[in-house]
Amino acid sequence: MSVAPRAHDAAAGEPVALDVDGRQVTVSRPRKLLFPAAGLSKLDLARHYQRVGPLMLPHVRERPVSMERYPDGVASEGFFHKDVPPHFPSWIARVRVPRRSDGETVYAVIDSVATLVYLADQACVTPHVWTSRRPDLERPDRLIFDLDPPPGAPPAVARRAARLVGDALRCVGLVPYFLATGKRGFHVVAPIHPTHKFEAVRALARELAARLARRHHDELTDAQRKAARGGRVYVDVARNGFAQTAVPPYAVRATPKASVAVPIGWNELARSSTRPDRFHLRNVWRRLGVVGDLWRAIDSDARELDDVRRRLVALEPSGVSGARRAKRRGARSGSPEPDPSGRPR
């Protein structure tokens, strides 16, 4: 979908030029309220990405982006935009990705803070990014578990689910990082070395999600159908597929208060004040100005997928016989089968 720049709107103000690392990026219609309930404009959005860009760039650099755009503000209908429109300047990096059928999609690639600001000028509220980077888009460097709590669940339910997933990832040698997504749930993200293709990464994610659902049957589920979830938190692994995207740290979300996706620490998952949508454009710098980027070391914690697989296999024997007995009992009683993996001893 291609959307051309809009004609000048006097009520939205004269264009404003921002100096972003030596490049002039013009914000058109700067007073246009993209978040009318919060009184926040397109210029507010652009300045957020200009300020947060140095923290955000390591997490989005060289990743294709799917733009979530709201030209008329988040109170109106938005759309996802993958292909680069003709009017984008030549300095915006691009990558060509063949489609499954025929042709190709030309994605924008974020390789500078100026790109983030330019996308904000295009009313891109949230730049969703791939889990792989150029030059090898076939091999991801992130393993993502998107935790979707049931409607109306209190934040404590999502916090506990994130702790359970984090514990499970540590059991197999992964290092979990946590993201308050700015909406209803948390993401639990494990950095991995980009040595395996998406098929292998997604298969591992599915296996881990299935084990979690068996072990914590009353709280977690890997059932895709909403009707089968039974009021449990859905452990969604769909973002681990080729060309799938995830919200990156410090991205703004299309919510009335302009919430922001923010990394959080393990200890914060035990605090009642921690909610997935706690941070927004008006308060996020009270935090970032103090703690900085909690994900700054994420790449140094990357693990090898083969090692994770070996840990899974090594955990299996201690619980296999018991799991088989439990399975037979479950078949008679209708109770769920427990996770045979157990925990590290």
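Up top you'll find the structure we're talking about.
Now for a quick tour of the structure. (Residues numbered from 1 in each chain as written. Predicted model: local features only at pLDDT ≥ 70, side-chain atom pairs only at ≥ 80, totals over all residues. Heavy atoms only, no water.)

**As for the nonpolar core**
- Of all hydrophobic cores here, the largest spans 90 residues; its most connected members are Phe35, Tyr49, Leu143, Phe145, Leu174, Leu208 and Val252.
- With eight residues, helix α1 (residues 42-60) is the single largest residue contributor to this core.
- Each of two domains, domain 1 (14-130) and domain 2 (137-316), supplies a minimum of three residues to this core.
- Ignoring anything within four residues of it in the chain, the contact list for Phe145 reads Val165, Leu169, Phe186, His187, Val188, Ala205, Leu208, Ala209, Val235, Asp236 and Val237.
- Ala93, Val97, Tyr107 and Trp130 belong to the second-largest nonpolar core, a separate cluster that totals seven residues. (Core = buried A, V, L, I, M, F, W, Y, C linked by side-chain atoms within 4.5 Å. Buried < 20%, exposed > 50% of the residue type's maximum accessible area, 1.4 Å probe, protein only. Helix = DSSP H or I, 4+ residues; strand = E, 2+ residues; numbered from the N terminus. Domains from an automatic or database assignment. Contact = heavy atoms within 4.5 Å.)

**Focus: the sheet that holds strand β16 (residues 233-236)**
- If you trace the six strands from one edge of the open sheet to the other, you get β15-β16-β12-β14-β13-β18, paired in mixed fashion. Strand pairing shows two members of the sheet lacking a second neighbour, β15 (220-221) and β18 (262-264), which therefore form its edges.
- Bridge count between strand β12 (residues 142-148) and β16: three bridges; the pairing is antiparallel. Residue pairing for β16: Asp148 is matched across the bridge by Tyr234.
- Packing against the sheet, helix α3 (residues 155-171) makes contact with β12, β13 (177-180), β14 (186-191), β15 and β16, and its axis sits at approximately 15° to β14.
- Helix α4 (residues 198-215) contacts β12, β15 and β16 of the sheet and is inclined by roughly 40° relative to β12. (Pairing = 2+ DSSP bridges. Axes fitted to C-alpha atoms, helices over the stretch in contact; angles between N-to-C directions.)

**Points about unusual backbone geometry**
- A cis geometry characterises the amide bond from Arg134 onward to Pro135, with omega recorded as 5°.
- By the element assignment, Pro135 lies in the loop between β10 (132-133) and β11 (136-140).
- One non-glycine residue, Glu62, lies in positive phi territory at about 65°.
- By the element assignment, Glu62 lies in the loop between α1 and β5 (64-69).
- A positive phi angle, close to 70°, is found at Ala243, a residue other than glycine.
- Given the relative accessible area of 24%, Ala243 is considered partly exposed.

Shape descriptors only; they carry no functional weight alone.
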